[in-house]
Amino acid sequence: MIDNFKLEHIGDYYKVFTDIRVYEPFERFGLSFYPRYNRNGNYSYHSALYHNLLVKIYGDRLTIENSLHKFYHGYNHSDFTHSEIVSAIEAIENYFKIPSEDLYFRRVEIALNINYPEQVHEQIQHYKLNQFENMRKGKTVYGKKCFMSEYNIKFYNKYIEDKLNNNSYINDRYSNDISIPKTEKRYEVEYKKMRPLKGTLTTLSDLKKKRVILALGQKIIKYFDSVVIQSNYDYRLLTPRQRELVFAGSNSDFWDTEKINMNTRSKKMKLYNSCIKMLDNNLSDNPKYEVKNLMLEKIHHLVT
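Residues numbered from 1 in each chain as written. Predicted model: local features only at pLDDT ≥ 70, side-chain atom pairs only at ≥ 80, totals over all residues. Heavy atoms only, no water.

**Student:** Residues and numbers for the overall build of the protein chain, please.
**Tutor:** For the protein chain, the count of helices and strands is ten helices and 16 strands. In terms of its C-alpha atoms, the protein chain occupies a principal-axis envelope of roughly 75 × 45 × 40 Å. With 304 residues in all, the protein chain has 50% of them scored as buried. If you take every contact in the protein chain between residues at least 6 apart in sequence, the share linking residues at least 24 apart comes to 63%. Here the protein chain has roughly 16000 Å² of accessible surface; of this, 47% comes from carbon and sulfur atoms. Of note, the protein chain has its 47 positive side-chain charges centred 5 Å away from the centre of its 37 negative side-chain charges. (Helix = DSSP H or I, 4+ residues; strand = E, 2+ residues; numbered from the N terminus. Buried < 20%, exposed > 50% of the residue type's maximum accessible area, 1.4 Å probe, protein only. Contact = heavy atoms within 4.5 Å. Areas by Shrake-Rupley, 256 points an atom, 1.4 Å probe, with all protein chains shown as cover. Lys, Arg positive; Asp, Glu negative; His and termini not counted. Charge placed at Lys NZ, Arg CZ, Asp CG, Glu CD.)

If you want it as structure tokens, here you go:
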């Protein structure tokens, strides 16, 4: 459930390494740190690798980043249970000798691997009136992504994504061959900033608590509730004026134009959402409910 992240630890003693040895490698935590430079040739930081984790030291801070899931399993298409998350945290604490209470999140990805129907990718329209864009590599489209200012929302085929990156066959942490199921899908919320998680997730130690994992799961499900998925609606339930609004509102450009009068836009948005809710409630087979139930079942499995 916890995937890519960036942690930060601040301490004046880190300056001893970079201030004195800006252009030289040095040893720390049993790792060899080498200087890295930007495109202009200016010094940026020293870095080292610990398993798949990228460790950087610059100025008075140390950062640890990449995938917690891959750090533990060697891959990230499987389930990552709460007990495994705790074991991964303890491994980081024991190696770096830094309490997890002192490692602060700067970004994090929360993801669920679930086998929802393939057609969901084609049916996804928008999130809070923000359009989803195709996730592609070359000519191959493997999912949908919605860009927000503080987080991104992604739905994609995990098997195709890994195959496009030449990872359809990978090894676990014991070097055993692992084949990714072709039906593997992924729902992911990528937090670029931590403000939306204020009060829920601050330090690495927070993840040791089951209630935090549950709260993170509920938060990404709440986002999913605001995702509009096109279904086989019976538009006869709506009045002609309501139908016009629903068809127009499926395009984010419509709402951008409506910003001219925010009061009118707000009223139309409220009516649009009530129309979608009416259409959803009338469906005998709603793919959105199916996907949501899969998410709830997976979260329950991960914490029990």
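Moving on, there is more to tell.
**Student:** Any details on helix 7 (residues 240-249)? Residues and values, ideally.
**Tutor:** Counting along an α-helix, one turn takes 3.6 residues, and residues three or four places apart therefore face a common direction. Every buried residue belonging to helix 7 is among Gln 242, Leu 245, Val 246 and Gly 249, and all of these are buried. On an axial view of helix 7, the arc spanned by its buried residues comes to 100°, and they lie on one face. Of the residues in helix 7, the exposed ones pointing more than 90 degrees away from the buried face are Pro 240 and Glu 244. Tucked into the core, helix 7 has its buried residues touching strand 8 (124-127), helix 8 (252-257) and helix 9 (262-281). (Arc of directions from axis to C-beta.)

**Student:** Could you give an account of the sheet that holds strand 3 (residues 31-37), naming the residues involved and the relevant values?
**Tutor:** What holds strands together in a sheet is hydrogen bonding between their backbones, with the strands either parallel or antiparallel. The antiparallel open sheet is built from eleven strands, whose spatial order is 2-3-4-5-6-1-7-15-12-11-10. Each edge of the sheet is formed by a strand with only one pairing partner; in this case those strands are strand 2 (26-28) and strand 10 (133-137). Sheet twist, expressed as the average angle between the axes of neighbouring strands with direction ignored, equals 25°. Taken together, the seven bridges between strand 12 (residues 151-157) and strand 15 (residues 185-191) define a ladder with antiparallel strand orientation. Residue pairing across strands places Asn 152 opposite Glu 190, the latter belonging to strand 15. Lying on the sheet, helix 6 (residues 210-225) is in contact with strand 1 (2-10), strand 7 (104-114), strand 12 and strand 15; it crosses strand 15 at an angle near 100°. (Pairing = 2+ DSSP bridges. Axes fitted to C-alpha atoms, helices over the stretch in contact; angles between N-to-C directions.)

**Student:** A description of the pattern of salt bridges should follow, citing residues and the corresponding values.
**Tutor:** Here the structure, examined in full by the defined rule, presents 20 salt bridges. Where Asp 3 meets Arg 186, a salt bridge forms, and the shortest distance between an N and an O atom there is 2.5 Å. With Asp 3 in strand 1 and Arg 186 in strand 15, the pair connects residues that are 183 residues apart, well separated along the chain. The residues Asp 3 and Arg 186 share a single accessibility class, namely buried. Note that Glu 8 is salt-bridged to Arg 106, the shortest N-O span being 3.0 Å. On the criterion of sequence distance, the pair formed by Glu 8 in strand 1 and Arg 106 in strand 7 is long-range, its members being 98 residues apart. Each of Asp 3, Lys 145, Lys 154, Arg 186, Glu 188 and Glu 190 takes part in salt bridges that share partners, so that together they form one network. (Salt bridge = Lys/Arg side-chain N within 4 Å of Asp/Glu carboxyl O.)

**Student:** Could you give me a rundown of the sheet that holds strand 8, with the residues and numbers involved?
**Tutor:** One open sheet holds the three strands; their spatial order is 9-8-16, and the pairing between them is antiparallel. Either end of the sheet is taken by a strand with one partner, and the two such strands are strand 9 (130-131) and strand 16 (227-229). Sheet analysis places strand 8 next to strand 9, joined by two bridges and oriented antiparallel. Across the sheet, residue Tyr 127 finds its bridge partner in strand 9, namely Asn 130.

**Student:** Report on helix 3 (residues 82-96), specifying residues and quantitative values.
**Tutor:** With 15 residues, helix 3 extends 21 Å from end C-alpha to end C-alpha; this agrees with the ideal 21 Å at 1.5 Å per step. Lys 97, located one to two residues past helix 3, shows a positive phi value of around 60°. (Expected span 1.5 Å × (residues − 1).)

**Student:** How would you sum up unusual backbone geometry? Please name residues and give values.
**Tutor:** Unlike most non-glycine residues, Phe 29 shows phi in positive territory, near 60°. Mapped onto the elements of the fold, Phe 29 is located in the loop between strand 2 and strand 3. Of note in the backbone geometry, His 51 takes a positive phi value of approximately 55° without being a glycine. Position of His 51 among the secondary structure elements: in the loop between strand 4 (43-50) and strand 5 (53-58). His 51 gets classed as exposed once you look at its relative accessible area, which sits at 60%.

**Student:** An account of the side chain of Ser 47 is requested, with residue identities and associated values reported.
**Tutor:** Relative to the elements of secondary structure, Ser 47 occurs in strand 4. There is a polar contact of 2.8 Å between the side chain of Ser 47 and the side chain of Arg 36. With residues up to four places along the chain from it excluded, the contact list for Ser 47 reads Ser 32, Phe 33, Tyr 34, Arg 36, Leu 54, Val 55 and Lys 56. (Polar contact = N/O pair within 3.5 Å; in protein donor to acceptor, adjacent residues only side chain to side chain.)

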